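# Inside the fold
Residue strings, one per chain:
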Amino acid sequence: MQNLASHEDWKSCFSEVAPGLLLFARQWVQSAADAEDVVQEAFVKFWRRNHKIENRALLYAAVRSIALDFIRRDSRRARREATAVGGTDDFIEPQFEFEDDTQRALAEAIDFLPCEQREVLVMKIWNELTFAEIAGALGISQNTAASRYRYALAALRNTLQPQ
Amino acid sequence: MNDLSQIEKELRKLRPARPSPILFERIEEAMIDCRAVASPARQPERLRYNWLSLGFGLAAAAVLVLFAAVKMERQESGKEIAQTSREPEAAPLLNRARKSTSTDKFVPAGATRLVYNTRDEGLQFAGGSGQPLRRMRYQTHETWQWRNPTTGASLRVSYPSEEVVLIPVSGQ
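Owing to the predicted nature of the structure, the values given are computational and were not obtained by experimental measurement.

This part is about the packing of helix α6 (residues 131-138) of chain A against helix α7 (residues 142-160) of chain A. Residue and element names in this part refer to chain A. Two elements in contact, α6 and α7, have axes whose closest approach is 8 Å; the angle formed by their N-to-C orientations is 105 degrees. One way to sum up the angle between α6 and α7 is to call them roughly perpendicular. When α6 is examined against α7, the residues Phe131, Ala132, Ile134, Ala135 and Leu138 are found in contact with a partner set consisting of Gln142, Ala145 and Ala146. Grouping the amino acids of the contact of α6 with α7 by side-chain chemistry returns seven nonpolar, one polar and no charged.

In this complex, chain A contributes 40 residues to the contact, which on the side of chain B involves 33 residues. Among the secondary structure elements, those contributing two or more residues to the side of chain A that touches chain B are α1 (10-25), α2 (32-48), α3 (56-85), β1 (96-97), α4 (101-111), α6 and α7 of chain A. When grouped by side-chain class, the residues that make up the side of chain A that touches chain B number 23 nonpolar, seven polar and ten charged. As judged from the two bridges shared by β1 of chain A and strand β1 (residues 15-16) of chain B, these two strands associate in the antiparallel manner.

All names here are of chain B. The predicted model of chain B has a mean per-residue pLDDT of 74, with 69% of residues at 70 or higher. Helix α4 (residues 91-103) is the least confidently modelled element of chain B, averaging 52 in pLDDT, while β1 averages 88, the highest of any element. Low pLDDT (under 50) marks residues 39-47, which in the prediction has four contacts with non-local residues, meaning those over four places away or in another chain. Every residue in residues 81-87 scores below 50 in pLDDT, and together they form eight contacts with partners more than four places removed in sequence or on other chains. Both scores are available for the predicted complex, with the pTM at 0.53 and the ipTM at 0.77.

Next up on the list: the pairing of strand β4 (residues 154-168) of chain B. All names here are of chain B. Sheet analysis places strand β3 (residues 133-147) next to β4, joined by 15 bridges and oriented antiparallel. Directly across from Gln145, in β4, lies its bridge partner Arg156. The turn joining β3 and β4, which pair antiparallel and follow one another in sequence, is formed by six residues; a positive phi near 85 degrees is taken by Gly152.

Right, let's get into the environment of Val63 of chain A. Residue and element names in this part refer to chain A. Here Val63 lies in helix α3. Among the residues examined, Val63 registers 27 C-beta atoms within 10 Å and is labelled buried. For the pair Val63 and Ala25, spaced 38 residues apart in sequence, the C-alpha to C-alpha distance is 6.5 Å.

So, about the confidence of the model for chain A. Residues at a pLDDT of 70 or more form 82% of chain A, whose mean pLDDT is 82. Here α3 of chain A stands out as the element of chain A with the lowest mean pLDDT, 78, in contrast to α7 of chain A, whose mean of 93 is the highest.

Residue and element names in this part refer to chain A. End to end, α2 covers 24 Å across 17 residues, agreeing with the expected 24 Å (1.5 Å per residue, within 8%). Of all 17 residues that make up α2, twelve are buried, and the element is covered over most of its length. Among the residues making up α2, those that are buried are Ala32, Ala35, Glu36, Val38, Val39, Gln40, Glu41, Ala42, Phe43, Lys45, Phe46 and Trp47. Among the residues trailing α2, Asn50 stands out with phi positive, at a value near 65 degrees.

The rules behind the values
Residues numbered from 1 in each chain as written. Chains lettered and ligands numbered in written order. Predicted model: local features only at pLDDT ≥ 70, side-chain atom pairs only at ≥ 80, totals over all residues. Axes fitted to C-alpha atoms, helices over the stretch in contact; angles between N-to-C directions. Helix = DSSP H or I, 4+ residues; strand = E, 2+ residues; numbered from the N terminus. Parallel < 35°, antiparallel > 145°, perpendicular 65-115°, else oblique. Contact = placed C-beta atoms within 7 Å. Nonpolar A, V, L, I, M, F, W, Y, C, P; charged D, E, K, R; others polar. Pairing = 2+ DSSP bridges. pLDDT = per-residue confidence, 0-100. Buried ≥ 20, exposed ≤ 12 C-beta atoms within 10 Å, placed from the backbone. Expected span 1.5 Å × (residues − 1).

So, in structure tokens, the structure goes:
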């Protein structure tokens, strides 16, 4: 078991998890730049605390916690800016790299999932966490994690294949 | 079930957007900064205040002070009546004021704390600590009651409260 702090090539480790972590953070923060700030803070904190690389649930819990703190701060900042300027730039970078319209539709359908289903789906599909790890990160039971995942898949199926 | 597997396959084909190359540089810089500043030894545990609990404690204390102030004010007004009323007809009033002073004693009669909602908000790191903490949010309704055993009068204060408790999580 290696600790991230003693890992010689943290870049290879980070490059593996970074896209999934960013996607995970984007559930709460809209812009890619803000998501990168969140991921950076979480990853450095995780590294500094000398946690084991295998303890991914803790890494995702850190991202989640920092993202939630971020949106609390950001909502206050947005209110101040809206008052001062009277408007904000609404451009939001895409969360996925699309190859065709089917993928674009699928990505849009993911956006409409309830938050608790989407976070489980993101952790499972693009971060390859087990239900036990997801349960640990979110503070829910494994059964709940599994059922949220199934509900998410079913909702996507229903959205993409309307009867 | 096959449909769900198909959706799963489609989802796996979808690639998340890649992080910017600058992110790697930023993380590397942050790590260098951390190495320079922080020692590898774990920092001592700092005393963590639960501000919500502190707030409610202060609110309860304020209610008690207010109650004591009201009681003292009533006692003072009773004395004033006794001092200014020199006429004979004031005697019953004076007696009543004296009686009031001796019987105006409220004693705590009960306190209830009803937890009507508990929410597990997951793991987090708080206040520079390396240990993961489970964040639990309790929504409660607290009621404090005082009773005057002589007159039978009672005073009840109820208020909703919310408490966030950070529970250390141990083990790997």
